[in-house]
Protein chains: 4
Amino acid sequence: MNTAEMIGSHPQGTKADRQTLASCIELCFRCSKTCTMCADACLAENNPGKMARCIRTNLDCADVCIATGRMVSRLTEPDAQVLHAQVQACIAACRVCAAECEEHASKMEHCRICAQACRDCEAACEQALGAVGV
Amino acid sequence: MNTAEMIGSHPQGTKADRQTLASCIELCFRCSKTCTMCADACLAENNPGKMARCIRTNLDCADVCIATGRMVSRLTEPDAQVLHAQVQACIAACRVCAAECEEHASKMEHCRICAQACRDCEAACEQALGAVGV
Amino acid sequence: MNTAEMIGSHPQGTKADRQTLASCIELCFRCSKTCTMCADACLAENNPGKMARCIRTNLDCADVCIATGRMVSRLTEPDAQVLHAQVQACIAACRVCAAECEEHASKMEHCRICAQACRDCEAACEQALGAVGV
Amino acid sequence: MNTAEMIGSHPQGTKADRQTLASCIELCFRCSKTCTMCADACLAENNPGKMARCIRTNLDCADVCIATGRMVSRLTEPDAQVLHAQVQACIAACRVCAAECEEHASKMEHCRICAQACRDCEAACEQALGAVGV
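Conventions we followed
Residues numbered from 1 in each chain as written. Chains lettered and ligands numbered in written order. Predicted model: local features only at pLDDT ≥ 70, side-chain atom pairs only at ≥ 80, totals over all residues. Heavy atoms only, no water. Contact = heavy atoms within 4.5 Å. Buried area = accessible area lost by both parts, 1.4 Å probe. Salt bridge = Lys/Arg side-chain N within 4 Å of Asp/Glu carboxyl O. Least-squares fit on C-alpha atoms with pLDDT ≥ 70 in both. Polar contact = N/O pair within 3.5 Å; in protein donor to acceptor, adjacent residues only side chain to side chain. Helix = DSSP H or I, 4+ residues; strand = E, 2+ residues; numbered from the N terminus. Nonpolar A, V, L, I, M, F, W, Y, C, P; charged D, E, K, R; others polar. Buried < 20%, exposed > 50% of the residue type's maximum accessible area, 1.4 Å probe, protein only. Axes fitted to C-alpha atoms, helices over the stretch in contact; angles between N-to-C directions. Parallel < 35°, antiparallel > 145°, perpendicular 65-115°, else oblique. Expected span 1.5 Å × (residues − 1).

Asker: Kindly report on the interface of chain A and chain C, identifying the contributing residues and their values.
Answerer: Of the residues lining the interface, 9 residues belong to chain A; the matching set on chain C comes to 9 residues. Taken over both partners, the interface formed by chain A and chain C buries close to 650 Å², and the fraction arising from carbon and sulfur atoms is 77%. Looking at the side of chain A facing chain C, the largest losses of area belong to A:Leu43, A:Pro48 and A:Leu59, adding up to 53% of the total buried there. In this structure, the connection of chain A to chain C is made through 0 salt bridges.

Shown next, in the form of C-alpha coordinates:
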(Lines give C-alpha, C1' and ligand atoms only; values in the text may rest on other atoms or scores of the structure.)
Protein backbone atom coordinates (compact mmCIF):
# COMPACT_ATOMS: atom_id res chain seq x y z
CA MET A 1 0.00 0.00 0.00
CA ASN A 2 1.10 3.54 -0.71
CA THR A 3 -0.48 5.35 2.26
CA ALA A 4 2.65 5.86 4.36
CA GLU A 5 4.50 7.18 1.30
CA MET A 6 1.69 9.63 0.59
CA ILE A 7 1.86 10.88 4.18
CA GLY A 8 5.63 11.22 3.86
CA SER A 9 5.28 13.34 0.71
CA HIS A 10 2.89 15.89 2.24
CA PRO A 11 4.33 19.45 2.20
CA GLN A 12 3.16 20.30 5.74
CA GLY A 13 3.84 16.92 7.24
CA THR A 14 2.23 15.81 10.50
CA LYS A 15 3.22 15.49 14.13
CA ALA A 16 1.26 12.24 14.36
CA ASP A 17 3.02 8.89 13.98
CA ARG A 18 3.06 8.11 10.27
CA GLN A 19 2.43 4.38 10.57
CA THR A 20 -0.43 4.85 13.04
CA LEU A 21 -2.15 7.25 10.67
CA ALA A 22 -1.50 5.06 7.63
CA SER A 23 -3.01 2.01 9.36
CA CYS A 24 -6.09 3.97 10.40
CA ILE A 25 -6.64 5.29 6.86
CA GLU A 26 -6.10 1.91 5.18
CA LEU A 27 -8.31 0.02 7.61
CA CYS A 28 -11.11 2.59 7.30
CA PHE A 29 -11.12 2.17 3.53
CA ARG A 30 -10.89 -1.62 3.79
CA CYS A 31 -13.71 -1.77 6.33
CA SER A 32 -15.91 0.42 4.13
CA LYS A 33 -15.31 -1.90 1.19
CA THR A 34 -15.88 -5.06 3.25
CA CYS A 35 -19.10 -3.75 4.84
CA THR A 36 -20.44 -2.80 1.40
CA MET A 37 -19.73 -6.36 0.22
CA CYS A 38 -21.20 -7.93 3.36
CA ALA A 39 -24.46 -5.96 3.04
CA ASP A 40 -24.70 -7.20 -0.54
CA ALA A 41 -23.95 -10.81 0.42
CA CYS A 42 -26.53 -10.70 3.25
CA LEU A 43 -29.10 -9.44 0.75
CA ALA A 44 -28.46 -12.51 -1.43
CA GLU A 45 -29.02 -14.99 1.42
CA ASN A 46 -32.12 -17.21 1.32
CA ASN A 47 -33.93 -15.20 3.96
CA PRO A 48 -32.59 -11.63 3.89
CA GLY A 49 -35.37 -10.50 6.24
CA LYS A 50 -33.44 -12.23 9.03
CA MET A 51 -30.36 -10.23 8.03
CA ALA A 52 -32.06 -6.80 8.05
CA ARG A 53 -30.21 -5.60 11.14
CA CYS A 54 -26.89 -6.86 9.74
CA ILE A 55 -27.49 -5.15 6.38
CA ARG A 56 -28.36 -1.89 8.09
CA THR A 57 -25.31 -1.87 10.38
CA ASN A 58 -23.15 -2.78 7.37
CA LEU A 59 -24.48 0.15 5.32
CA ASP A 60 -23.99 2.57 8.21
CA CYS A 61 -20.48 1.31 8.89
CA ALA A 62 -19.56 1.57 5.19
CA ASP A 63 -20.63 5.23 5.12
CA VAL A 64 -19.02 6.18 8.43
CA CYS A 65 -15.72 4.47 7.55
CA ILE A 66 -15.34 6.20 4.20
CA ALA A 67 -16.05 9.61 5.72
CA THR A 68 -13.58 8.90 8.52
CA GLY A 69 -10.91 7.51 6.18
CA ARG A 70 -11.11 10.61 4.02
CA MET A 71 -10.92 12.97 6.99
CA VAL A 72 -7.95 11.23 8.60
CA SER A 73 -6.15 11.19 5.26
CA ARG A 74 -6.25 15.00 5.09
CA LEU A 75 -3.25 16.55 6.88
CA THR A 76 -3.69 20.19 5.86
CA GLU A 77 -5.00 22.43 8.67
CA PRO A 78 -6.58 19.68 10.79
CA ASP A 79 -9.15 20.43 13.48
CA ALA A 80 -8.57 18.14 16.45
CA GLN A 81 -12.11 18.35 17.81
CA VAL A 82 -13.82 17.41 14.54
CA LEU A 83 -11.38 14.58 13.90
CA HIS A 84 -11.83 13.27 17.41
CA ALA A 85 -15.63 13.24 17.15
CA GLN A 86 -15.61 11.51 13.76
CA VAL A 87 -13.09 8.86 14.83
CA GLN A 88 -15.25 8.21 17.92
CA ALA A 89 -18.29 7.73 15.68
CA CYS A 90 -16.27 5.32 13.53
CA ILE A 91 -15.28 3.29 16.58
CA ALA A 92 -18.96 3.05 17.60
CA ALA A 93 -20.08 2.01 14.11
CA CYS A 94 -17.33 -0.63 13.81
CA ARG A 95 -18.04 -2.03 17.27
CA VAL A 96 -21.77 -2.44 16.64
CA CYS A 97 -21.28 -3.87 13.15
CA ALA A 98 -18.61 -6.31 14.36
CA ALA A 99 -20.86 -7.55 17.17
CA GLU A 100 -23.74 -8.08 14.73
CA CYS A 101 -21.59 -9.88 12.13
CA GLU A 102 -20.03 -12.06 14.83
CA GLU A 103 -23.48 -13.50 15.57
CA HIS A 104 -23.63 -14.87 12.01
CA ALA A 105 -19.94 -15.68 11.61
CA SER A 106 -20.22 -19.42 12.22
CA LYS A 107 -22.76 -19.80 9.40
CA MET A 108 -21.79 -17.06 6.97
CA GLU A 109 -18.20 -16.65 5.87
CA HIS A 110 -18.82 -13.09 4.62
CA CYS A 111 -19.92 -12.07 8.13
CA ARG A 112 -16.86 -13.73 9.66
CA ILE A 113 -14.52 -11.79 7.37
CA CYS A 114 -16.48 -8.56 7.84
CA ALA A 115 -16.45 -8.83 11.63
CA GLN A 116 -12.66 -9.08 11.47
CA ALA A 117 -12.40 -6.02 9.20
CA CYS A 118 -14.57 -4.05 11.65
CA ARG A 119 -12.49 -5.13 14.67
CA ASP A 120 -9.27 -4.20 12.84
CA CYS A 121 -10.67 -0.78 11.95
CA GLU A 122 -11.96 -0.21 15.48
CA ALA A 123 -8.50 -0.98 16.91
CA ALA A 124 -6.72 1.25 14.38
CA CYS A 125 -9.10 4.12 15.18
CA GLU A 126 -8.49 3.68 18.91
CA GLN A 127 -4.75 3.93 18.27
CA ALA A 128 -5.19 6.98 16.03
CA LEU A 129 -7.14 8.69 18.83
CA GLY A 130 -4.02 8.47 20.95
CA ALA A 131 -1.75 9.88 18.23
CA VAL A 132 -0.78 13.55 18.23
CA GLY A 133 -3.09 15.68 16.10
CA VAL A 134 -6.07 13.32 16.12
CA MET B 1 -39.10 18.02 -0.79
CA ASN B 2 -40.23 14.43 -0.48
CA THR B 3 -38.41 13.43 2.72
CA ALA B 4 -41.35 13.52 5.12
CA GLU B 5 -43.42 11.47 2.65
CA MET B 6 -40.65 8.89 2.40
CA ILE B 7 -40.53 8.61 6.19
CA GLY B 8 -44.30 8.23 6.27
CA SER B 9 -44.18 5.37 3.76
CA HIS B 10 -41.66 3.28 5.71
CA PRO B 11 -43.06 -0.16 6.69
CA GLN B 12 -41.61 -0.07 10.23
CA GLY B 13 -42.21 3.60 10.87
CA THR B 14 -40.36 5.50 13.59
CA LYS B 15 -41.07 6.77 17.07
CA ALA B 16 -39.13 9.94 16.30
CA ASP B 17 -40.95 13.08 15.18
CA ARG B 18 -41.30 12.88 11.42
CA GLN B 19 -40.66 16.55 10.68
CA THR B 20 -37.62 16.72 12.97
CA LEU B 21 -36.07 13.76 11.17
CA ALA B 22 -36.98 15.10 7.73
CA SER B 23 -35.38 18.47 8.48
CA CYS B 24 -32.21 16.82 9.74
CA ILE B 25 -31.92 14.63 6.64
CA GLU B 26 -32.63 17.45 4.19
CA LEU B 27 -30.25 19.89 5.86
CA CYS B 28 -27.46 17.29 6.01
CA PHE B 29 -27.74 16.72 2.26
CA ARG B 30 -27.99 20.46 1.56
CA CYS B 31 -24.99 21.23 3.74
CA SER B 32 -22.95 18.52 2.02
CA LYS B 33 -23.80 20.01 -1.37
CA THR B 34 -23.09 23.59 -0.25
CA CYS B 35 -19.74 22.70 1.36
CA THR B 36 -18.66 20.88 -1.81
CA MET B 37 -19.50 24.00 -3.81
CA CYS B 38 -17.81 26.34 -1.30
CA ALA B 39 -14.58 24.31 -1.36
CA ASP B 40 -14.61 24.58 -5.13
CA ALA B 41 -15.33 28.32 -5.10
CA CYS B 42 -12.54 28.93 -2.54
CA LEU B 43 -10.16 27.03 -4.83
CA ALA B 44 -10.99 29.43 -7.67
CA GLU B 45 -10.23 32.56 -5.62
CA ASN B 46 -7.17 34.65 -6.53
CA ASN B 47 -5.13 33.37 -3.62
CA PRO B 48 -6.44 29.92 -2.65
CA GLY B 49 -3.48 29.41 -0.30
CA LYS B 50 -5.21 31.80 2.08
CA MET B 51 -8.34 29.65 1.87
CA ALA B 52 -6.60 26.34 2.65
CA ARG B 53 -8.20 25.99 6.08
CA CYS B 54 -11.61 26.88 4.67
CA ILE B 55 -11.28 24.35 1.84
CA ARG B 56 -10.25 21.63 4.26
CA THR B 57 -13.10 22.25 6.70
CA ASN B 58 -15.51 22.36 3.74
CA LEU B 59 -14.30 19.00 2.42
CA ASP B 60 -14.54 17.41 5.87
CA CYS B 61 -18.00 18.84 6.48
CA ALA B 62 -19.20 17.65 3.05
CA ASP B 63 -18.11 14.09 3.86
CA VAL B 64 -19.45 14.03 7.40
CA CYS B 65 -22.81 15.49 6.38
CA ILE B 66 -23.43 12.97 3.62
CA ALA B 67 -22.59 10.04 5.92
CA THR B 68 -24.84 11.49 8.63
CA GLY B 69 -27.68 12.26 6.24
CA ARG B 70 -27.62 8.70 4.94
CA MET B 71 -27.57 7.19 8.42
CA VAL B 72 -30.41 9.32 9.76
CA SER B 73 -32.47 8.51 6.66
CA ARG B 74 -32.34 4.79 7.49
CA LEU B 75 -35.18 3.79 9.85
CA THR B 76 -34.77 0.00 9.77
CA GLU B 77 -33.21 -1.45 12.94
CA PRO B 78 -31.51 1.74 14.16
CA ASP B 79 -28.72 1.69 16.74
CA ALA B 80 -29.10 4.68 19.05
CA GLN B 81 -25.45 4.77 20.14
CA VAL B 82 -24.02 4.81 16.62
CA LEU B 83 -26.53 7.42 15.45
CA HIS B 84 -25.83 9.59 18.47
CA ALA B 85 -22.05 9.51 17.90
CA GLN B 86 -22.37 10.31 14.20
CA VAL B 87 -24.82 13.17 14.73
CA GLN B 88 -22.43 14.58 17.36
CA ALA B 89 -19.58 14.42 14.83
CA CYS B 90 -21.78 16.21 12.32
CA ILE B 91 -22.56 18.98 14.79
CA ALA B 92 -18.82 19.43 15.44
CA ALA B 93 -17.98 19.53 11.71
CA CYS B 94 -20.77 22.03 10.96
CA ARG B 95 -19.81 24.27 13.87
CA VAL B 96 -16.14 24.47 12.86
CA CYS B 97 -16.93 24.94 9.17
CA ALA B 98 -19.52 27.64 9.93
CA ALA B 99 -17.06 29.55 12.12
CA GLU B 100 -14.39 29.39 9.41
CA CYS B 101 -16.76 30.48 6.61
CA GLU B 102 -18.14 33.29 8.76
CA GLU B 103 -14.66 34.85 8.83
CA HIS B 104 -14.79 35.25 5.04
CA ALA B 105 -18.52 35.96 4.74
CA SER B 106 -18.23 39.72 4.34
CA LYS B 107 -15.93 39.35 1.32
CA MET B 108 -17.04 36.08 -0.23
CA GLU B 109 -20.70 35.43 -0.92
CA HIS B 110 -20.14 31.65 -1.23
CA CYS B 111 -18.77 31.58 2.32
CA ARG B 112 -21.71 33.60 3.59
CA ILE B 113 -24.20 31.17 2.07
CA CYS B 114 -22.18 28.16 3.21
CA ALA B 115 -21.92 29.39 6.80
CA GLN B 116 -25.71 29.64 6.88
CA ALA B 117 -26.11 26.09 5.52
CA CYS B 118 -23.73 24.80 8.21
CA ARG B 119 -25.58 26.65 10.99
CA ASP B 120 -28.93 25.31 9.73
CA CYS B 121 -27.56 21.76 9.65
CA GLU B 122 -25.99 22.12 13.09
CA ALA B 123 -29.34 23.27 14.55
CA ALA B 124 -31.29 20.46 12.84
CA CYS B 125 -28.82 17.88 14.16
CA GLU B 126 -29.15 19.28 17.68
CA GLN B 127 -32.92 18.91 17.42
CA ALA B 128 -32.63 15.38 16.02
CA LEU B 129 -30.45 14.42 19.00
CA GLY B 130 -33.38 15.24 21.24
CA ALA B 131 -35.85 13.19 19.18
CA VAL B 132 -36.76 9.65 20.21
CA GLY B 133 -34.56 7.05 18.54
CA VAL B 134 -31.65 9.32 17.67
CA MET C 1 -32.61 26.08 -2.23
CA ASN C 2 -29.30 27.91 -2.44
CA THR C 3 -27.69 26.16 -5.41
CA ALA C 4 -28.21 28.85 -8.05
CA GLU C 5 -26.87 31.47 -5.62
CA MET C 6 -23.77 29.37 -4.98
CA ILE C 7 -23.17 29.06 -8.73
CA GLY C 8 -23.61 32.82 -9.08
CA SER C 9 -21.01 33.50 -6.39
CA HIS C 10 -18.27 31.38 -8.00
CA PRO C 11 -15.15 33.43 -8.87
CA GLN C 12 -14.63 31.76 -12.30
CA GLY C 13 -18.29 31.49 -13.19
CA THR C 14 -19.51 29.10 -15.87
CA LYS C 15 -20.62 29.29 -19.48
CA ALA C 16 -23.36 26.76 -18.74
CA ASP C 17 -26.91 27.90 -18.01
CA ARG C 18 -27.09 28.52 -14.27
CA GLN C 19 -30.58 27.15 -13.73
CA THR C 20 -29.89 24.01 -15.75
CA LEU C 21 -26.81 23.26 -13.65
CA ALA C 22 -28.59 24.07 -10.39
CA SER C 23 -31.47 21.72 -11.22
CA CYS C 24 -29.08 18.91 -12.12
CA ILE C 25 -27.13 19.32 -8.87
CA GLU C 26 -30.24 19.54 -6.68
CA LEU C 27 -31.96 16.58 -8.30
CA CYS C 28 -28.81 14.43 -8.07
CA PHE C 29 -28.63 15.08 -4.31
CA ARG C 30 -32.38 14.54 -3.88
CA CYS C 31 -32.30 11.30 -5.85
CA SER C 32 -29.35 10.03 -3.82
CA LYS C 33 -31.28 10.75 -0.62
CA THR C 34 -34.50 9.20 -1.89
CA CYS C 35 -32.79 6.04 -3.18
CA THR C 36 -31.04 5.60 0.18
CA MET C 37 -34.42 5.84 1.90
CA CYS C 38 -36.13 3.52 -0.59
CA ALA C 39 -33.46 0.82 -0.16
CA ASP C 40 -34.03 1.04 3.58
CA ALA C 41 -37.82 0.91 3.26
CA CYS C 42 -37.61 -2.11 0.89
CA LEU C 43 -35.43 -3.85 3.48
CA ALA C 44 -38.18 -3.39 6.09
CA GLU C 45 -40.88 -4.95 3.89
CA ASN C 46 -42.33 -8.33 4.91
CA ASN C 47 -40.42 -10.23 2.26
CA PRO C 48 -37.27 -8.25 1.43
CA GLY C 49 -35.94 -11.16 -0.64
CA LYS C 50 -38.45 -10.18 -3.31
CA MET C 51 -37.06 -6.63 -3.21
CA ALA C 52 -33.39 -7.63 -3.64
CA ARG C 53 -33.13 -6.23 -7.16
CA CYS C 54 -34.84 -3.01 -6.08
CA ILE C 55 -32.53 -2.60 -3.07
CA ARG C 56 -29.48 -3.16 -5.23
CA THR C 57 -30.49 -0.67 -7.92
CA ASN C 58 -31.36 1.83 -5.18
CA LEU C 59 -27.93 1.49 -3.56
CA ASP C 60 -26.16 1.85 -6.89
CA CYS C 61 -28.26 4.86 -7.87
CA ALA C 62 -27.62 6.51 -4.49
CA ASP C 63 -23.85 6.19 -4.96
CA VAL C 64 -23.80 7.27 -8.60
CA CYS C 65 -26.04 10.29 -7.95
CA ILE C 66 -23.93 11.63 -5.10
CA ALA C 67 -20.72 11.30 -7.12
CA THR C 68 -22.39 13.00 -10.09
CA GLY C 69 -23.94 15.75 -7.99
CA ARG C 70 -20.56 16.56 -6.46
CA MET C 71 -18.80 16.62 -9.83
CA VAL C 72 -21.38 18.83 -11.52
CA SER C 73 -21.29 21.21 -8.56
CA ARG C 74 -17.57 21.87 -9.14
CA LEU C 75 -17.03 24.68 -11.64
CA THR C 76 -13.27 25.13 -11.31
CA GLU C 77 -11.27 23.75 -14.26
CA PRO C 78 -13.91 21.30 -15.50
CA ASP C 79 -13.05 18.43 -17.86
CA ALA C 80 -15.86 17.99 -20.37
CA GLN C 81 -15.08 14.34 -21.16
CA VAL C 82 -15.09 13.16 -17.55
CA LEU C 83 -18.26 15.11 -16.74
CA HIS C 84 -19.98 13.75 -19.83
CA ALA C 85 -19.14 10.14 -18.96
CA GLN C 86 -20.27 10.51 -15.35
CA VAL C 87 -23.54 12.22 -16.26
CA GLN C 88 -24.19 9.42 -18.78
CA ALA C 89 -23.61 6.84 -16.03
CA CYS C 90 -26.03 8.75 -13.81
CA ILE C 91 -28.70 8.74 -16.52
CA ALA C 92 -28.28 4.96 -16.88
CA ALA C 93 -28.50 4.36 -13.12
CA CYS C 94 -31.58 6.57 -12.75
CA ARG C 95 -33.34 4.95 -15.71
CA VAL C 96 -32.80 1.41 -14.43
CA CYS C 97 -33.75 2.30 -10.85
CA ALA C 98 -36.86 4.18 -11.98
CA ALA C 99 -38.01 1.23 -14.09
CA GLU C 100 -37.50 -1.16 -11.18
CA CYS C 101 -39.29 1.08 -8.65
CA GLU C 102 -42.17 1.65 -11.08
CA GLU C 103 -42.92 -2.08 -10.97
CA HIS C 104 -43.64 -1.80 -7.23
CA ALA C 105 -45.16 1.69 -7.27
CA SER C 106 -48.80 0.60 -7.08
CA LYS C 107 -48.17 -1.36 -3.88
CA MET C 108 -45.35 0.55 -2.21
CA GLU C 109 -45.56 4.31 -1.79
CA HIS C 110 -41.80 4.61 -1.19
CA CYS C 111 -41.15 3.05 -4.60
CA ARG C 112 -43.65 5.39 -6.25
CA ILE C 113 -41.94 8.45 -4.78
CA CYS C 114 -38.47 7.09 -5.55
CA ALA C 115 -39.34 6.32 -9.19
CA GLN C 116 -40.39 9.95 -9.59
CA ALA C 117 -37.14 11.21 -8.02
CA CYS C 118 -35.15 9.01 -10.44
CA ARG C 119 -37.12 10.23 -13.48
CA ASP C 120 -36.65 13.85 -12.40
CA CYS C 121 -32.90 13.32 -11.98
CA GLU C 122 -32.63 11.48 -15.29
CA ALA C 123 -34.35 14.40 -17.09
CA ALA C 124 -32.19 17.03 -15.35
CA CYS C 125 -29.03 15.10 -16.30
CA GLU C 126 -30.19 14.89 -19.94
CA GLN C 127 -30.66 18.65 -19.95
CA ALA C 128 -27.28 19.24 -18.30
CA LEU C 129 -25.64 17.15 -21.03
CA GLY C 130 -26.88 19.69 -23.54
CA ALA C 131 -25.58 22.67 -21.55
CA VAL C 132 -22.22 24.25 -22.43
CA GLY C 133 -19.35 22.81 -20.41
CA VAL C 134 -21.02 19.52 -19.49
CA MET D 1 -6.55 -8.03 1.26
CA ASN D 2 -9.81 -9.84 1.77
CA THR D 3 -11.67 -8.92 -1.42
CA ALA D 4 -11.32 -12.21 -3.30
CA GLU D 5 -12.44 -14.11 -0.18
CA MET D 6 -15.50 -11.88 0.15
CA ILE D 7 -16.40 -12.54 -3.51
CA GLY D 8 -15.95 -16.27 -2.90
CA SER D 9 -18.34 -16.20 0.07
CA HIS D 10 -21.22 -14.53 -1.81
CA PRO D 11 -24.37 -16.72 -1.88
CA GLN D 12 -25.17 -16.02 -5.54
CA GLY D 13 -21.61 -15.99 -6.78
CA THR D 14 -20.62 -14.40 -10.08
CA LYS D 15 -19.79 -15.53 -13.59
CA ALA D 16 -17.03 -12.92 -13.76
CA ASP D 17 -13.43 -13.86 -13.02
CA ARG D 18 -12.94 -13.51 -9.28
CA GLN D 19 -9.43 -12.07 -9.39
CA THR D 20 -10.31 -9.55 -12.10
CA LEU D 21 -13.21 -8.26 -10.03
CA ALA D 22 -11.18 -8.22 -6.82
CA SER D 23 -8.40 -6.19 -8.45
CA CYS D 24 -10.89 -3.69 -9.87
CA ILE D 25 -12.56 -3.22 -6.47
CA GLU D 26 -9.30 -2.90 -4.55
CA LEU D 27 -7.74 -0.48 -7.00
CA CYS D 28 -10.88 1.70 -7.10
CA PHE D 29 -10.77 2.05 -3.31
CA ARG D 30 -7.01 2.63 -3.31
CA CYS D 31 -7.26 5.26 -6.06
CA SER D 32 -10.05 7.04 -4.19
CA LYS D 33 -7.89 7.15 -1.08
CA THR D 34 -4.77 8.29 -2.96
CA CYS D 35 -6.61 11.03 -4.88
CA THR D 36 -8.10 12.34 -1.63
CA MET D 37 -4.59 12.52 -0.17
CA CYS D 38 -3.11 14.10 -3.32
CA ALA D 39 -5.77 16.84 -3.39
CA ASP D 40 -4.90 17.59 0.23
CA ALA D 41 -1.14 17.59 -0.42
CA CYS D 42 -1.58 19.89 -3.46
CA LEU D 43 -3.57 22.28 -1.26
CA ALA D 44 -0.62 22.47 1.16
CA GLU D 45 1.90 23.38 -1.57
CA ASN D 46 3.38 26.90 -1.58
CA ASN D 47 1.25 28.05 -4.48
CA PRO D 48 -1.94 25.97 -4.51
CA GLY D 49 -3.46 28.25 -7.15
CA LYS D 50 -1.15 26.59 -9.67
CA MET D 51 -2.50 23.21 -8.55
CA ALA D 52 -6.19 24.11 -8.92
CA ARG D 53 -6.73 21.84 -11.92
CA CYS D 54 -4.89 18.99 -10.20
CA ILE D 55 -6.96 19.39 -7.01
CA ARG D 56 -10.19 19.41 -8.99
CA THR D 57 -9.35 16.30 -11.01
CA ASN D 58 -8.25 14.58 -7.79
CA LEU D 59 -11.55 15.38 -6.05
CA ASP D 60 -13.57 14.16 -9.03
CA CYS D 61 -11.52 10.99 -9.35
CA ALA D 62 -11.87 10.28 -5.61
CA ASP D 63 -15.67 10.51 -5.87
CA VAL D 64 -15.99 8.52 -9.08
CA CYS D 65 -13.68 5.75 -7.84
CA ILE D 66 -15.55 5.22 -4.59
CA ALA D 67 -18.90 5.05 -6.36
CA THR D 68 -17.46 2.62 -8.92
CA GLY D 69 -15.71 0.48 -6.30
CA ARG D 70 -18.95 0.14 -4.35
CA MET D 71 -20.98 -0.77 -7.42
CA VAL D 72 -18.51 -3.36 -8.70
CA SER D 73 -18.33 -4.90 -5.22
CA ARG D 74 -22.09 -5.63 -5.33
CA LEU D 75 -22.79 -9.01 -6.96
CA THR D 76 -26.52 -9.31 -6.21
CA GLU D 77 -28.77 -8.70 -9.26
CA PRO D 78 -26.24 -6.71 -11.30
CA ASP D 79 -27.32 -4.54 -14.24
CA ALA D 80 -24.73 -4.79 -17.00
CA GLN D 81 -25.60 -1.48 -18.66
CA VAL D 82 -25.32 0.59 -15.47
CA LEU D 83 -22.08 -1.10 -14.44
CA HIS D 84 -20.62 -0.61 -17.91
CA ALA D 85 -21.44 3.11 -17.95
CA GLN D 86 -20.02 3.68 -14.47
CA VAL D 87 -16.80 1.76 -15.15
CA GLN D 88 -16.39 3.80 -18.36
CA ALA D 89 -16.77 7.00 -16.32
CA CYS D 90 -14.16 5.72 -13.90
CA ILE D 91 -11.72 5.01 -16.70
CA ALA D 92 -12.20 8.56 -18.01
CA ALA D 93 -11.70 10.12 -14.56
CA CYS D 94 -8.56 8.04 -13.87
CA ARG D 95 -7.07 8.81 -17.29
CA VAL D 96 -7.54 12.57 -16.92
CA CYS D 97 -6.31 12.63 -13.32
CA ALA D 98 -3.28 10.50 -14.16
CA ALA D 99 -2.33 12.79 -17.06
CA GLU D 100 -2.64 15.85 -14.83
CA CYS D 101 -0.62 14.33 -11.97
CA GLU D 102 2.05 13.12 -14.37
CA GLU D 103 2.77 16.75 -15.30
CA HIS D 104 3.79 17.43 -11.68
CA ALA D 105 5.34 14.04 -10.95
CA SER D 106 8.96 15.10 -11.33
CA LYS D 107 8.58 17.82 -8.71
CA MET D 108 5.93 16.44 -6.38
CA GLU D 109 6.21 12.93 -5.02
CA HIS D 110 2.49 12.83 -4.06
CA CYS D 111 1.55 13.45 -7.70
CA ARG D 112 3.96 10.74 -8.87
CA ILE D 113 2.39 8.18 -6.52
CA CYS D 114 -1.13 9.34 -7.35
CA ALA D 115 -0.56 9.13 -11.11
CA GLN D 116 0.48 5.51 -10.64
CA ALA D 117 -2.62 4.73 -8.55
CA CYS D 118 -4.80 6.25 -11.29
CA ARG D 119 -3.08 4.27 -14.04
CA ASP D 120 -3.43 1.05 -12.04
CA CYS D 121 -7.12 1.71 -11.48
CA GLU D 122 -7.68 2.62 -15.12
CA ALA D 123 -6.08 -0.67 -16.24
CA ALA D 124 -8.06 -2.74 -13.72
CA CYS D 125 -11.31 -1.10 -14.88
CA GLU D 126 -10.45 -1.84 -18.52
CA GLN D 127 -9.94 -5.49 -17.60
CA ALA D 128 -13.18 -5.59 -15.59
CA LEU D 129 -15.04 -4.25 -18.63
CA GLY D 130 -13.97 -7.36 -20.51
CA ALA D 131 -15.06 -9.72 -17.71
CA VAL D 132 -18.44 -11.46 -17.88
CA GLY D 133 -21.17 -9.52 -16.08
CA VAL D 134 -19.52 -6.11 -16.18
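Asker: Please give an account of the relation of the copies chain A and chain C that cites residues and values.
Answerer: Between the two copies, chain A and chain C, the superposition gives an RMSD of 0.0 Å; the rotation angle is 180° and the shift along the axis is 0.0 Å. The superposition of one copy onto the other is thereby described by a two-fold rotation axis. Scanning chain A for the C-alpha nearest the rotation axis identifies A:Pro48, at a separation of 3.1 Å. Most of the interface of chain A is mirrored in chain C: 100% of its interface residues are interface residues there too.

Asker: Requested: an account of the interface of chain D and chain A, with residues and values cited.
Answerer: The interface is formed by 38 residues belonging to chain D together with 38 residues belonging to chain A. Taken together, both faces of the contact between chain D and chain A bury some 3,300 Å²; the carbon and sulfur share is 65%. At the surface where chain D touches chain A, the tally comes to 2 salt bridges. In this structure, A:Arg70 and D:Asp63 form a salt bridge, with 2.7 Å as the shortest nitrogen-oxygen distance. Connecting chain D to chain A are 16 residue pairs in polar contact (both at pLDDT 80 or more). For the side of chain D that touches chain A, the secondary-structure elements that each account for two or more residues are helix H1 (3-8), helix H2 (18-43), helix H3 (52-73) and helix H5 (109-130) of chain D. Among the residues making up the side of chain D that touches chain A, the classes are represented as 16 nonpolar, 11 polar and 11 charged.

Asker: Which residues make up the relation of the copies chain D and chain A, and what values do they have?
Answerer: Between the two copies, chain D and chain A, the superposition gives an RMSD of 0.0 Å; the rotation angle is 180° and the shift along the axis is 0.0 Å. Interface overlap between copies: 100% of the residues of chain D at the interface are likewise at the interface in chain A, consistent with a symmetric, same-surface contact.

Asker: How would you summarise the pattern of salt bridges if you had to cite specific residues and measurements?
Answerer: Applying the stated criterion to the full structure yields 44 salt bridges over all chains. For A:Asp60, the salt bridge goes to A:Arg56, with nearest N and O atoms at 2.8 Å. Taken together, the positions of A:Asp60 and A:Arg56, both in helix H3 (residues 52-73) and 4 residues apart, correspond to about one turn of that helix. As far as burial versus exposure is concerned, A:Asp60 and A:Arg56 are alike and both buried. Where salt bridges share partners, they join A:Arg56, A:Asp60, A:Asp63, B:Arg70, B:Arg74, C:Arg56, C:Asp60, C:Asp63, D:Arg70 and D:Arg74 into one cluster.

Asker: Residue-level account of the packing of helix H3 (residues 52-73) of chain C against H3(D), with values.
Answerer: As a packed pair, H3(C) and H3(D) sit with axes 9 Å apart at the nearest point and diverge in direction by 175°. Considered as vectors, H3(C) and H3(D) are oriented roughly antiparallel to each other. In this structure, H3(C) uses C:Arg56, C:Asp60, C:Asp63, C:Val64, C:Ala67, C:Arg70 and C:Met71 to contact H3(D), whose residues at the interface are D:Arg56, D:Asp60, D:Asp63, D:Val64, D:Ala67, D:Arg70 and D:Met71. Broken down by class, the residue content of the contact of H3(C) with H3(D) amounts to 6 nonpolar, no polar and 8 charged.

Asker: Let's hear about helix H4 (residues 80-104) of chain D: which residues, and what values?
Answerer: The end-to-end C-alpha separation of H4(D) is 37 Å, in line with the 36 Å expected for 25 residues at 1.5 Å each. A side-chain oxygen of the first residue of H4(D) lies 3.1 Å from the backbone nitrogen of D:Gln81; this N-cap is D:Asp79.

Asker: Help me get a handle on the side chain of B:Thr3, residues and values and all.
Answerer: Looking at the element boundaries, B:Thr3 is found in helix H1 (residues 3-8). Judged by relative accessible area, B:Thr3 falls into the buried class, the value being 0%. A polar contact is formed between the side chain of B:Thr3 and the side chain of C:Lys33, at a distance of 2.7 Å. Among residues more than four places away in sequence, those in contact with B:Thr3 are B:Ala22, B:Ile25, B:Glu26, C:Lys33 and C:Met37.

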